Structures are given as C-alpha cells and as structure tokens.
Amino acid sequence: MSIERMEFVNIAGLTKDLDAVLVRLSECGCFHIESASKIAGKDKGFSSFKEENPYTAVLKKLGEIAAQTGVKPESTDFSDIESKSASALEKYVDDVRARLKKLIEKKKAAEDKLNAYEQALNQVNHLKGLDADFQQIFSCEYIKVRFGRLPVDSYNKLPYYNDKTFYFTYFTEETEYYWGVYFTPASCAEEIDDIFQSLYFERMHIADFVHGTSEDAVEELKAMIDENRTETDACKKDIAELMEKEKTQLDKIFTMYKSRHDNFDLRNKAAITGDKFLIVGFVPKGDSEGFMKLFDDMDGVSVLMQPADANGKLQPPIKLKNNKFTKPFSMFVEMYGLPSYNGINPTTFVAITYTLLFGIMFGDVGQGLVLAILGALLWKFKKFSLGPILTRVGISGAVFGLIYGSVFGFEELLDPVYEALGITFLPFKIMENVTTILIGAIVLGVFIMFISILINIIIGIKNKQLESALFGNNGVAGLIFFGSILVGAVATLFGAHIVNAAYIIIFVILPLAAMFMREPLSCWVKGKKYHMEGGVGDFIASNFFEVFEFLLGYATNTLSFVRIGGFVLSHASMMLVVMALADYVSAGAVPVVVIIGNIFVMGIEGLLVGIQTLRLEFYEIFSRFYSGDGIPFTPVKINYDETIE
C-alpha cells in the first residue's frame, strides 16, 4: 500500500473572519495545521497571536465539577444557548458550583464523623469488659490511664518491672497483641510511659465523645454511625440529583466553551499582519476539492493549493493507505515510526511477514482457530486493536497446523485424512525434521533479508540517496557481497566448485571495497568533490570498523532467524509435555490436563511468538530500509474527551 498524497494549503483572509475559518477547519476533519510563523515570520512583517484564552476559566470550573462528582461532560447540541450572554452562562456555572460545594462539604463533614465513630468503635470493641465510665477514668487527678495494645512478647516481659508502680490489665487477647490499659500515679507517669514505649506499647487515644462503660459506648457509637451513614447517603443522593438535573445544561455549556476554547487555541498557529491572517497546513489530495468549497461563501478568504513539498521548511505529514487485511498492522508501523513522505508504506510487507512468521512458529489447527475467534471477539466487543491481528495470525497458525498435522497437540489426528486423500508428503512431522526446520528458518530469513535490501535500494535510488542505495551494506554492494557468500557456501556444500580467485575478487573483495569507500564513491557518482575530515588515518580506521560491523551484522542477522525454527520446535515440545502428562493421569482427568495444557501453551507461546516476531520485524527487517521519521497526519478537531482542571 502507499502513502496518501498531500496538498500544501495557504489560507489568507481578514482577521475578522479568522474565528469562522478556524471553526470550519476543525469541523472538516481533513486539515493538518502547521505554524504559519515557520514560513511567515517577523522578517516578512508577520507576528503571532499572544492572547489569553478567555474560555479556559469556565472550562476549569466545569472540569472541577466533573472531578468532584465523577460525571464526565459529554458533547451535545448547544444551538439553543448560543445567544445567551457569557456572563449569564458563567453565573449559572458558578451557581451550580456553589450548590455542589455546600453538598460536598456537608457530605465530607458527615464522612469525617462517620470515620471517627467507626475508629472509636473499633477501639472500644477491644476494651469490652471495662465496667468503669470512661469520663470518670479520665477525670482522675492523681492517676494516669493509658489505653492501647501491647505485643505478646512485650507482655511476657512485664514481670521484669514488678518494682515499678503501674498496673496493666488486658481485655482482648489476639495472636500478636494484648489490648488493655495500664494505670500509674501521675508522679510516675513519665517514667512508666517511657518503659511502655520501650516495650512497643501502641497508645490508643479514646475520643472525648465516648461516654459510659465500654458496653454503653459501643451501643452509642453504633447509633451515631447509623445516623451519620444515613446522612452521608442522603448527601450523595442530593449530589446525584443535582447533577442529573443540571447535566444537560452543563453539557451544552461545556460543548460550546470547549469548541470555542480549542478553536481559540488554533489562533496561535496563525500568523497576522495588520488586519490580515495566514494559516498553512496540509490536506489529503483526495479531500482537496471538497476542502476548497468550504470557503466559497466567504469573499474575504482565499485558499491556495500547492504540491506538498512546495515549502521546504515544512515536512508533509504521513497518512498511511492500507487495505482491510493490512490496516490492523499499521499499529506496528506507528510503534516504530511513520515513514518519510517520499518513502514507502511498509505495512503490507509487515502484514505478510508477521502473519507468515507467526503462523510458522505457532502451527496448530485448534489453537490457531481459537486464537482467531478470540481476536474476533475482542475486536467486536472491546474494540481491542490487537484483535484483528490475532484473527489473522490465528488463521495463519491454523494453516501451518494443517501442514504439521497438529490439532490441539494431537500430532496423529490428521494422518488418516491425508492417507485417505492420497497426500503422502503431509503431515510434516516437526520432531522428525529438526534439521530441515532449522535450515528452512535460515533460508526464509535470508529470503526476507534479500527483499529488505532490495526495498532499500529502490527507496535510495528514488530519493537519490546513492551512498545507501549503491554502496551501503544494505545497497547493491551489500547485496552482491551477501549473495555471493551464500551462493558460494551452498555451491561448495553440494560439490560445485565455483569459488575461485576471480569469483572472490569480483563478488567479495570489490563489494567490500565499495562499502569501505562508499562516501567518496557516492560523491564521485553525484559529480561532487569529497572532503575528507580528520585525515587519512581516521578515514581508514572508522571505515574499517564500520565494514567489520557490517560483516558481523550479516552473520548475526542471518542466525537470528534460527529463532523461527527454535520456536517451531518449542511449540511442539511443549505440547509433547502436555500429552505426556495426560498419559500419566486417570482417563477422567485427561480432558482437564489437555485443556489446561493447551491454554497454558497458547498463552505462553502466543505471547513469546508475538514478541519475537515483532523483534524480527523491527531489528532484522526494518533496520535495513526504514527510518521511521515521518510526522503523523493529525487533522484539527475539537477534543471533547479532554477536560481542563
């Protein structure tokens, strides 16, 4: 698939029409705005807007209401309130905020009391058995009383302090603590407090609203808790009713102010001179005709369309064009980075290679179909972006499962089918063809690398990047060198003697020399003079190590594709383990083991295969021809999902 062609747009007009123009731009859904000051600066008499957005304050208040109530504002039609004055609308918002504030403060007060009473009840519950009135205990003038809990280990150490003047008694015994109270004369309180502090006594402060004995206090606290819980619920209900009553009007105000706020912010992208403005941006070529008609009824506004690269100061944004099969894989391309405007859209290549490699490594008819169905359900009900990808790779896994003859790990299930059809070369038994699988993985990897290098050559020639296209490690020189090494190795392996002095000089040494001299050679081809920086010694050293790195890259990248075969074997081995476990359990437990085993393998193997395939895409394929330095096409629009707090 390709990259959407763009048109560079200049919109000029009178400043009195600026807001109306910005509204139409944000509604059309096809205009990517750029800062006009990049091409029309002060040197040309233009300046930028430096006004404070007048709609921010009200939106902050609406955002505060949303944050306090959890009721998110929604976009809606606001035509019936457009004629109302700004002061009236702001007064309405302030009135709702004030009413809400009172309810929230009332709710908070009730919740604070409720929390205090619940904490006090929890404390007093540990002191059941205390018959004395709390207020009488605390009113003692010569005796100090400390409630709290003491660790069991510390309680066992109390006999060491029998010579001290205090008395400790507990009411509740737990695994790690004794809940109780100690009494001591006021004159000894400081010393005794220090002793109990060293014993890790955690003091419990009884609130002054606790009255009577512990039993009386429990009953009183329960009543106060019920009362404040009722009050809290009533406040919540009042808040909900307030929001339900005012939500429609608040949504209208939010929609109107958010629209005007975002459009006002777009003013910063415009350049002004006198009473005129200039707006620049990009429009997809397919939308350009309709875009021109947007301003037919505005006599003071002119629109000029130019080729996307008409202004060298602005880089055209990227909008990928993909078909239904490849579109889900664009998320992988975007993760790595979008292509340049004059580059290529690699989504089709990614879709094919990712689907193919995943299917090879995850070959199982049953598991593949389950993965495909799961992906379809995730997309249908959750709109999960990975859903369509799971569907595609799941089907690929099922296809390769047919080749391997594996159905939920049962390797012999399809054998009778192939025998009946007279197909003798299937199924391809994985564990009986380990060497073939590993060699096949390398061959597939080499094939993909060759295609990647060819793509880089095409892109380089198209963009006149001759150093990369002709003399780079992923150019013609690299392709000849890499291909000659592989051809020579295979020929030698099969007894063909084609590797001789001439072969080595032409197909090995000359390409290496071209890669070593790639910078001077590219300048020579372009008819330019090459300027060597740092002297001959630096040139030789730096290029020697770069060429050496190229050689290591060819080897490591090729061997990296062995992981494809490794995961094929890994998947089959894990299912063999599951089947072996099923053989050791009773007949009734076999289905359970098989089901759980398949779920485990699908989860672990699916995740690992997905990650490793993506790694191959990014590091072994993309790195050869793709830079990912493009700017995404982002049409201006009002973001109603964003609240300002």
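Since the structure is predicted, the reported quantities are computational estimates derived from the model, not experimental observations. (Residues numbered from 1 in each chain as written. Predicted model: local features only at pLDDT ≥ 70, side-chain atom pairs only at ≥ 80, totals over all residues. Heavy atoms only, no water.)

Caption draft 1: Main features of the confidence of the model for the chain. Looking at the chain as a whole, the pLDDT averages 88, with 98% of positions reaching at least 70. Here helix α4 (residues 134-138) stands out as the least confident element of the chain, with mean pLDDT 75; helix α12 (residues 387-404) is the most confident, with 95. (pLDDT = per-residue confidence, 0-100. Helix = DSSP H or I, 4+ residues; strand = E, 2+ residues; numbered from the N terminus.)

Caption draft 2: The arrangement of the pattern of salt bridges in detail. All told, the structure shown has 27 salt bridges when counted by the stated rule. Asp-80 is the salt-bridge partner of Lys-252, the closest N and O atoms lying 2.7 Å from each other. You can see Lys-252 sitting in helix α7 (residues 214-265) and its partner Asp-80 sitting in the loop between α2 (56-69) and α3 (86-125), a full 172 residues away along the chain. Taking relative accessible area as the criterion, Lys-252 reaches 15% and is therefore assigned buried. Note that Asp-193 is salt-bridged to Arg-146, the shortest N-O span being 3.1 Å. Of the two residues, Asp-193 is situated in helix α6 (residues 189-198) and Arg-146 in strand β4 (residues 143-151); the sequence distance between them amounts to 47 residues. Its relative accessible area of 22% is what places Asp-193 among the partly exposed residues. Assessed through its relative accessible area of 11%, Arg-146 is described here as buried. Overlapping salt bridges, with partners in common, bring together Lys-61, Glu-64, Asp-94 and Arg-97 in one network. (Salt bridge = Lys/Arg side-chain N within 4 Å of Asp/Glu carboxyl O. Buried < 20%, exposed > 50% of the residue type's maximum accessible area, 1.4 Å probe, protein only.)

Caption draft 3: Molecular detail of a positive patch on the surface. A cluster of basic residues, Arg-5, Lys-285, Lys-321 and Lys-462, forms a positive patch on the protein surface. Locating Lys-285 in the fold gives a position in the loop between β9 (276-284) and α8 (288-292). (Patch = residues over 30% accessible without salt bridge, like charges linked within 9 Å, V, L, I, M, F, W, Y side chains within 5 Å. Areas by Shrake-Rupley, 256 points an atom, 1.4 Å probe, with all protein chains shown as cover. Lys, Arg positive; Asp, Glu negative; His and termini not counted. Charge placed at Lys NZ, Arg CZ, Asp CG, Glu CD.)

Caption draft 4: Local environment of the packing of aromatic side chains. Tallying each qualifying case throughout the model produces 34 aromatic pairs. Ring centres of Phe-31 and Phe-291 lie 5.5 Å apart, and the angle between their planes is 15 degrees; this geometry places the pair in the stacked category. Linking Phe-31 in the loop between α1 (18-28) and β2 (32-34) with Phe-291 in helix α8, this pair joins segments that are 260 residues apart in sequence. Across this residue pair, the class does not change: Phe-31 and Phe-291 are buried. Centre to centre, the rings of Phe-168 and Phe-196 are 6.1 Å apart; their planes meet at 35 degrees, and the pair counts as tilted. One end of the pair, Phe-168, is in strand β5 (residues 167-173); the other, Phe-196, is in helix α6, and 28 residues separate them in sequence. Taking the relative accessible area as the measure of exposure, Phe-168 reaches 11% and is therefore buried. According to the relative accessible area criterion, Phe-196 is buried, its value standing at 1%. (Phe/Tyr/Trp six-rings, centres within 6.5 Å; stacked < 30°, edge-to-face > 60°.)

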